[in-house]
Structures are given as C-alpha cells and as structure tokens.
Amino acid sequence: AQSVSQHNHHVILSEAASLELGCNYSYGGTVNLFWYVQYPGQHLQLLLKYFSGDPLVKGIKGFEAEFIKSKFSFNLRKPSVQWSDTAEYFCAVTPSGSARQLTFGSGTQLTVLP
Amino acid sequence: EAGVVQSPRYKIIEKKQPVAFWCNPISGHNTLYWYLQNLGQGPELLIRYENEEAVDDSQLPKDRFSAERLKGVDSTLKIQPAELGDSAVYLCASSPSGGSGELFFGEGSRLTVL
C-alpha cells in the first residue's frame, strides 16, 4: 500500500516570502500525485495534479509542484506567498490506473503573516 | 453546478448514542467516498462506493459503523453506538466515472462525542 509523508506540520511565512512544502511518498509502482488545499472554513479542493509528462506542473493561484521520481518527492512551491494563501495543504497519492485509491498525507498548516 | 452537500455540519452527542451523516454528491458522479479526518491528520478513507456497490470498505469499523448508498445517489454513514474516539470530521467526496482522480469534497460533518 502507498503512503505519504509531509514533514512540515506548520509553516509560518511573511507575505512575499517563497514557499516550499515537502511531500514524499512510498509506493513501488507508478503513481498519480495531487496537492489539495483547505482554506479556513472551506472544503478541500484540488490545487494541482501530476499524472505523467512534464514533471513540473502548474496549478491555480501561482502554485507549482515538481515530481522527482528518484527522490519519490512532489514538493509544492510558490515564489511569493500572499496572506490569502493561509490554509492547510495536503499531498496525496494514488497508484496509476487506480485513481480511486487516494491516500493523503497528514497536512501542512501554512500561516502567512501580513 | 452544486457541490457535494453534507449534513449536519456539526453534531454533539453523548457516548453510546447513535448518529447519522448524510451526503448528496455532485449530480452524475458515480463514485462516492466517506473519509474520516482526525484533528491534525489527513483524511483517511472509510468506504468507497461505485454507484450503489461498496467496493472498498476495508477501513470501515464494521462493529459500529455502517453505510449505505441506496439508488446510487445519496449516502448515509451511521455510527451506533458512538465512542469518545469517534470525535472527528466526516468528509464525503465524489468523483465521476473515468475521471482524472480529482475528488470533490463536501464541507464535512464535525462530530463531538462527550
């Protein structure tokens, strides 16, 4: 079975700082990778996803993530965060071809100070 | 397009009482999921339905939890009797058949067991 590790539980940044949230997964085969975001008081929603092809994927609101197969990583980045990016971020993985076996990491709470 | 609707949003009960949560998925989405989210953790799958068939319920504690999805649309998740450790957020999500793996989540039902 697959698993996901998010090493940063809580990250605090000032506006305009750069962001990188770590995500590592464990699975012996090919995977599909996702980042979901949960803004305060809102439901979980998809930020970006990787299935195949270019390992650098771009999502909504200026976020991007890079899949590094050799490191089993899918880190989330944003060059300049805004106060409105304050939210909880979840990395998730599913085996390719089994899109419905989604496993989530424990999440990273991002707080952006104005 | 209406999103995934869950009710109630909040529920407080005493231990040993029963509780039920309801979910209405996005119209046309054949796959429905119930996830459990404990504080500070990522969502964990309880059960997945393909239409009205439960195809993955390996993580559902069947001694006290039950779920149904009659007619392959709405779903109900029940706990009887509830225990203190059941305090959590219960998330419902749906996805279309043949979809990209993106799940659409409801806002969740927060259960507090006293």
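Residues numbered from 1 in each chain as written. Chains lettered and ligands numbered in written order. Predicted model: local features only at pLDDT ≥ 70, side-chain atom pairs only at ≥ 80, totals over all residues. Heavy atoms only, no water.

Participant: With reference to specific residues and values, describe the overall build of chain A.
Facilitator: When its secondary structure is counted, chain A shows zero helices and twelve strands. The N-to-C order of helical and strand elements in chain A reads β-β-β-β-β-β-β-β-β-β-β-β. Relative to its length of 114 residues, chain A is compact, with a C-alpha radius of gyration of 13 Å against a globular reference of 13 Å. Projecting the C-alpha coordinates of chain A onto the three principal axes gives extents of approximately 40 × 25 × 20 Å. When burial is assessed residue by residue, chain A has 49% of its 114 residues classed as buried. Contacts spanning at least 24 positions in sequence make up 56% of the contacts within chain A whose residues lie at least 6 apart. (Helix = DSSP H or I, 4+ residues; strand = E, 2+ residues; numbered from the N terminus. Rg over C-alpha atoms; globule rule 2.2 N^0.38 Å. Buried < 20%, exposed > 50% of the residue type's maximum accessible area, 1.4 Å probe, protein only. Contact = heavy atoms within 4.5 Å.)

Participant: Provide a residue-level description of the side chain of Thr86(A), including the pertinent values.
Facilitator: Residues and elements named next belong to chain A. Among the structural elements, Thr 86 can be located in the loop between β9 (73–78) and β10 (87–95). Residue Thr 86 is classed as buried on the basis of its relative accessible area of 18%. A polar atom in the side chain of Thr 86 sits 3.0 Å from the backbone nitrogen of Val 112. Excluding residues that lie within four positions of it along the chain, Thr 86 makes contacts with Tyr 39, Pro 40, Gln 109, Leu 110, Thr 111 and Val 112. (Polar contact = N/O pair within 3.5 Å; in protein donor to acceptor, adjacent residues only side chain to side chain.)

Participant: I'd love a proper account of the sheet that holds strand β7 (residues 65–68) of chain B, names of residues and values included.
Facilitator: Two orientations exist for strands paired in a sheet by backbone hydrogen bonds: parallel and antiparallel. Residues and elements named next belong to chain B. On the basis of which strands lie adjacent, the open sheet formed by four strands has the order β1-β3-β8-β7 and antiparallel pairing. The two strands at the open ends of the sheet, each matched to only one other strand, are β1 (5–7) and β7. Strand after strand, the sheet turns through a mean of 15° between neighbouring axes, direction not considered. Of the pairings in the sheet, the one linking β1 to strand β3 (residues 19–24) comprises three bridges and is antiparallel in character. Across the sheet, residue Gln 6 finds its bridge partner in β3, namely Cys 23. (Pairing = 2+ DSSP bridges. Axes fitted to C-alpha atoms, helices over the stretch in contact; angles between N-to-C directions.)

Participant: Residues and numbers for the interface of chain B and chain A, please.
Facilitator: Between chain B and chain A, the residue contacts involve 23 residues of the former and 16 residues of the latter. Between chain B and chain A the total buried area reaches about 1600 Å² when both faces are included, carbon and sulfur atoms providing 51% of it. Taken together, the links from chain B to chain A amount to zero salt bridges. Where the side of chain B that touches chain A is concerned, the elements lending two or more residues are β4 (31–37), β5 (44–50) and β9 (88–95) of chain B. Among the elements that take part in the side of chain B that touches chain A, β4(B) stands out by supplying four residues, more than any other. Here the side of chain B that touches chain A is composed, by residue class, of seven nonpolar, twelve polar and four charged. (Buried area = accessible area lost by both parts, 1.4 Å probe. Salt bridge = Lys/Arg side-chain N within 4 Å of Asp/Glu carboxyl O. Nonpolar A, V, L, I, M, F, W, Y, C, P; charged D, E, K, R; others polar.)

Participant: Go over the packing of aromatic side chains, please, and point to the residues and values.
Facilitator: Each aromatic ring pair is specified by the distance between its two centres and by the angle formed by the two planes. All chains considered together, the criterion is met by 16 aromatic pairs over all chains. Seen from their ring centres, Phe21(B) and Tyr90(B) are 5.1 Å apart, and the 20° between their planes marks the pair as stacked. Linking Phe21(B) in strand β3 with Tyr90(B) in strand β9, this pair joins segments that are 69 residues apart in sequence. Of the two residues, Phe21(B) and Tyr90(B), neither departs from the other in class, the shared state being buried. Put simply, the rings of Phe34(A), Tyr36(A), Phe51(A), Phe90(A), Phe104(A), Tyr33(B), Tyr35(B) and Phe105(B) touch in pairs and so form one group of aromatic residues. (Phe/Tyr/Trp six-rings, centres within 6.5 Å; stacked < 30°, edge-to-face > 60°.)

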